[in-house]
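So you can see what is in the structure, the chains are spelled out below.
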Amino acid sequence: MQLGKSFSVKLWHLSILKKLVRPPLTRVRTQQCVSAPTERPLCTHGLEENQRFYVTTPIFYVNAAPHIGHLYSAVIADYLHRYWLMRGVQSKFSTGTDEHGLKIQQAAYSAGKEPLRFCTEVSVQFKDLFKKCDISYTDYIRTTEDRHRRAVEHFWTVLQDKGFIYKGTYEGWYSTPDESFLTPSQVGDRTDSDGRTVKISLESGHKVEWMKEENYMFRLSEFRSPLQRWLRENSEAIQPKRFYHAALQWLQEDLPDLSVSRQRSRLQWGIPVPGDSEQTVYVWLDALVNYLTVAGYPQDCSCWWGVAHHVVGKDILKFHAIYWPAFLMAAELPLPRKIFVHSHWTVEGQKMSKSLGNVVDPLERSQSFTTDGLRYFLLRQGVPDSDCDYYDDKAVKLLNTELADSLGGLLNRCTARSLNPAQVYPNFYVECFPRELEPGGAGRRAVSEDYKMLESVSHLSRLVEHHYEDLQAYKALEAIAGCVRQTNGFLQRHAPWKLDRRDPEQQRWLDTVLHVSLECLRVYGTLLQPVVPQLADKLLSRLGVGPEERFWANLQFLSSQHGDTCPFEGRTLGPETGVLFSRLERPKQSKVQSKGQSQKTQSKVTKHAKTTEVV
Ligand SMILES: Nc1ncnc2c1ncn2[C@@H]1O[C@H](COP(=O)(O)OP(=O)(O)OP(=O)(O)O)[C@@H](O)[C@H]1O
């Protein structure tokens, strides 16, 4: 490498890094109406940056049908997208499929299909799953599309023109099944069936061989310090924190230049290197550029690109936290605002994976548990910091307790005709439940525990907002479930069904108890919309809350107690009286599929080399 080049990169970096790295998205309070999540978002350049949000899932490799882990990434991105729409922010949400590479090429041929047809069939399975599970993406990208090829070619040319790509000879360990070059520390010894010692990839277990190949290299080594500086100056750039520290740790080690092409004689199913038909663009460089393609690259993509947030599994952290920012720095493009990392769903302690075949079918589970049931379970039980073992029983227990009994039971009780024959949102009588718990207030029926409940509910939206934005949906849902329990306790404590409606004083207290309970339910329904959209819609419709009254800005709680007008008081409840969430039986077909039976996909494909050290 030329010394001058390296020096100029550092100078360039110092001067523009500040420009590229933007402060985190700040919260906005706006009352404006937003488009439905499924509508294509417009980009209004005039809007402030904090009024735009662009979230992506990884694009999924089409070597087999989707499993619960893929849906989990998609549900996380979906709830973030829906949440920001509720905040009045313009949001774009992309997902899709990664369709190039040797494994796809081989699988297609062994299935007797054209690679594109093979890819289309699997891509459609992902798309169908996402539609059925209410993943409200605004863009679905396939890396075999022309718009993507144009973006990759342009991106490559920019990197090459700026001197960051050079032709070199790679020599080292290579795993053909993984399509991956490995450093000596990623290689170990194993004894094969003939008693011979062979070299294997420590991560995948596949055999590796020493190989020498001429291909294109990216000057990754020049970006070690810029990457360190970026991370140090942006301690929130990768969340949760343990993954941020893992990325910094990787940067302590050597960062060799990266091979970014393969000889076309070995890999034809991919985008040819511009100007060199003998080489194919490395599948990871190809795949990562999808985020730019969706943003409009190579045309002006500044509207969305500056506000990008990636949701990724921890298996692909290195590609997103090291390679991708380095490519972007080299192309002088802004870096992602945030990389949200989540851990894995495991089966008996082992990562659920297409290659291992130990998968749980998300379509089947969405039918057994309902779409919202499955979404709720994934977000309530999935902890981004740590892996989580999947069991059907765990899902059934959780959903029966929290959605059927606790939330559904609460709605049922306080909208029952026996308690509320007029089927209206009853009035609130402040003398029964004054704002302050003053000793001896005449007519006051509320007790100190009721005030504690009100306090919890009035702080709930701030708490949920904080957890949703930090990718800690499980904490948000835990807080909501806790408040639902408190509200059930409130109802139980005052047993409105025992009050005598002929006595005006008791009727006023009954109305007040119901009003407070419905107000709580309205808050829970509104906050739950990003996670369980159908269930929340059912709940809010039953309460008579209109579509334009379901935004974050409509979360004022118990206005009547504060002397403000409550728009809901006296309003007729919605006519739909059905069960909110039916109790579940344990699904009959609840076994995790074994390798042989796992995929409806055309043929079995071994693990794709996109994985890296799992932190
Ligand atoms: N077990 C899992 N738990 C959570 N997310 C997962 C899981 N498996 C895959 N994902 C999500 O899918 C992304 C990568 O998907 P990929 O297509 O490589 O799936 P895979 O099952 O790991 O495939 P393979 O076994 O072929 O490597 C991950 O980064 C993550 O976002």
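Presented here is a report on the structure given in the accompanying data block. By convention here, each chain's residues receive numbers from 1 onward along its written sequence. For this predicted model, a pLDDT threshold of at least 70 governs which residues receive local features, and a threshold of 80 or more governs which side-chain atom pairs are given and counted, while totals over whole chains, interfaces and linings are taken from all residues. Side-chain metrics rest on all non-hydrogen atoms present in the structure, leaving aside hydrogens and water.

The next point concerns the overall build of the chain. Here a strand is any run of E in DSSP of at least two residues, a helix any run of H or I of at least four, and the numbering for each starts at the N terminus. Along the backbone of the chain there are 18 helices and 19 strands. With a 1.4 Å probe rolled over the protein chains alone, any residue whose accessible area is under 20% of its type maximum counts as buried; one over 50% counts as exposed, and the rest are partly exposed. Within the chain, the proportion of its 615 residues that are buried is 61%. Here, two residues are considered to be in contact whenever any of their heavy atoms come within 4.5 Å of each other. A separation of at least 24 residues holds for 79% of the contacts in the chain among residues at least 6 apart in sequence.

Our focus in this paragraph is the sheet that holds strand β17 (residues 345-347). By the convention used here, strands pair only if DSSP detects at least 2 bridges between them. In space, the three strands of this open sheet follow the order β18-β17-β19, with mixed pairing throughout. At either margin of the open sheet sits one strand with a lone partner, and together these are β18 (350-351) and β19 (388-389). As paired elements, β17 and β18 share two bridges and run antiparallel to each other. Each residue of the ladder has a partner; that of Val-347, found in β18, is Gln-350.

Note that a disulfide, as used here, is simply two cysteine sulfur atoms within 2.5 Å. Applying the stated rule across the entire model yields zero disulfides. The cysteine Cys-301 is free of any disulfide, with Cys-303 supplying the nearest cysteine sulfur at 9.7 Å.

Strand order in the open sheet formed by three strands is β12-β14-β13, and the pairing between neighbours is antiparallel. Pairing within the sheet leaves two strands with one partner each, and these edge strands are β12 (261-263) and β13 (272-273). Examined bridge by bridge, β12 and strand β14 (residues 276-281) share three bridges and lie antiparallel to one another. When the bridges of β14 are listed, Arg-262 appears paired with Thr-280.

On to empty space enclosed by the protein. Every definition here rests on a 1 Å grid over the protein atoms only: cavities are sets of points where a 1.4 Å probe fits but cannot get out, pockets are open sets enclosed by protein on both sides within 12 Å along at least five of seven lines, and lining residues have some atom within 4 Å of a point. Grid points are joined across faces, edges and corners, and a volume is the space filled by probe spheres set on the points. One pass over the structure, following the stated rule, counts five cavities of 30 Å³ or more. Approximately 70 Å³ is the volume attributed to the second largest cavity. What lines the second largest cavity is Tyr-376, Glu-402, Leu-403, Ser-406, Leu-407, Leu-477, Ile-480, Ala-481, Val-484 and Leu-528. Of all the elements in the fold, those that place two or more residues in the lining of the second largest cavity are α14 (392-415) and α16 (473-494). Gly is put with the polar residues, along with every residue not named as nonpolar or charged; the nonpolar set is Ala, Val, Leu, Ile, Met, Phe, Trp, Tyr, Cys and Pro, and the charged set is Asp, Glu, Lys and Arg. A breakdown of the residues in the lining of the second largest cavity according to their chemical character gives eight nonpolar, one polar and one charged.

A separate point is the pairing of strand β9 (residues 209-218). The sheet contact formed by strand β5 (residues 165-175) and β9 spans 10 bridges and is antiparallel. The residue bridging Trp-173 from the neighbouring strand is Trp-210, located in β9. With two bridges connecting them, β9 and strand β11 (residues 258-259) associate as antiparallel partners. In the sheet register, Met-217 faces β11, and the bridge partner there is Ser-259.

Two faces belong to every sheet, and in a regular strand the side chains alternate between them. The element strand β16 (residues 338-342) is largely enclosed, with a buried count of five among its five residues. Across the two faces of β16 the burial is the same, with Lys-338, Phe-340 and His-342 and Ile-339 and Val-341 all buried. One ladder, built from two bridges, connects strand β10 (residues 238-239) with β16; its direction is parallel. Bridge pairing links Ile-238 to Ile-339 in β16. Examined bridge by bridge, strand β15 (residues 308-313) and β16 share five bridges and lie parallel to one another. Of the residues in β16, the one forming a bridge with His-310 is Ile-339. By the criterion used throughout, a crossover qualifies as right-handed when its path from the first strand across the helix to the second strand runs clockwise, the strands pointing away from the viewer. For the handedness criterion, the β-α-β arrangement of β15, helix α11 (residues 317-330) and β16 is classed as right-handed.

Before going further, it helps to spend a moment on the packing of helix α12 (residues 362-369) against helix α13 (residues 371-381). Structural elements are reduced to axes, namely lines fitted to C-alpha atoms, with helices fitted over the stretch in contact, and the angle between N-to-C directions of any two is expressed from 0 to 180 degrees. Interaxial distance between α12 and α13 falls to 6 Å at its minimum, and their mutual angle equals 110 degrees. With respect to their mutual orientation, α12 and α13 come out roughly perpendicular. Here Pro-362, Arg-365, Ser-366 and Phe-369 of α12 lie close against α13, whose contacting residues are Thr-371, Gly-373 and Leu-374. Residues of the contact of α12 with α13, tallied by class, amount to three nonpolar, three polar and one charged. Here is the rule for angles: anything less than 35 degrees is roughly parallel, anything more than 145 is roughly antiparallel, 65 through 115 is roughly perpendicular, and the remaining ranges are oblique.

If you trace the backbone, Ser-386 turns up in the loop between α13 and β19. Residue classification places Ser-386 among the partly exposed residues on the basis of a relative accessible area of 37%. In the structure, Ser-386 is positioned 44 residues away from His-342 in sequence and 7.8 Å away in space, judged by C-alpha atoms. Apart from residues no more than four positions distant in its own chain, Ser-386 is found in contact with Arg-242 and Ser-343.

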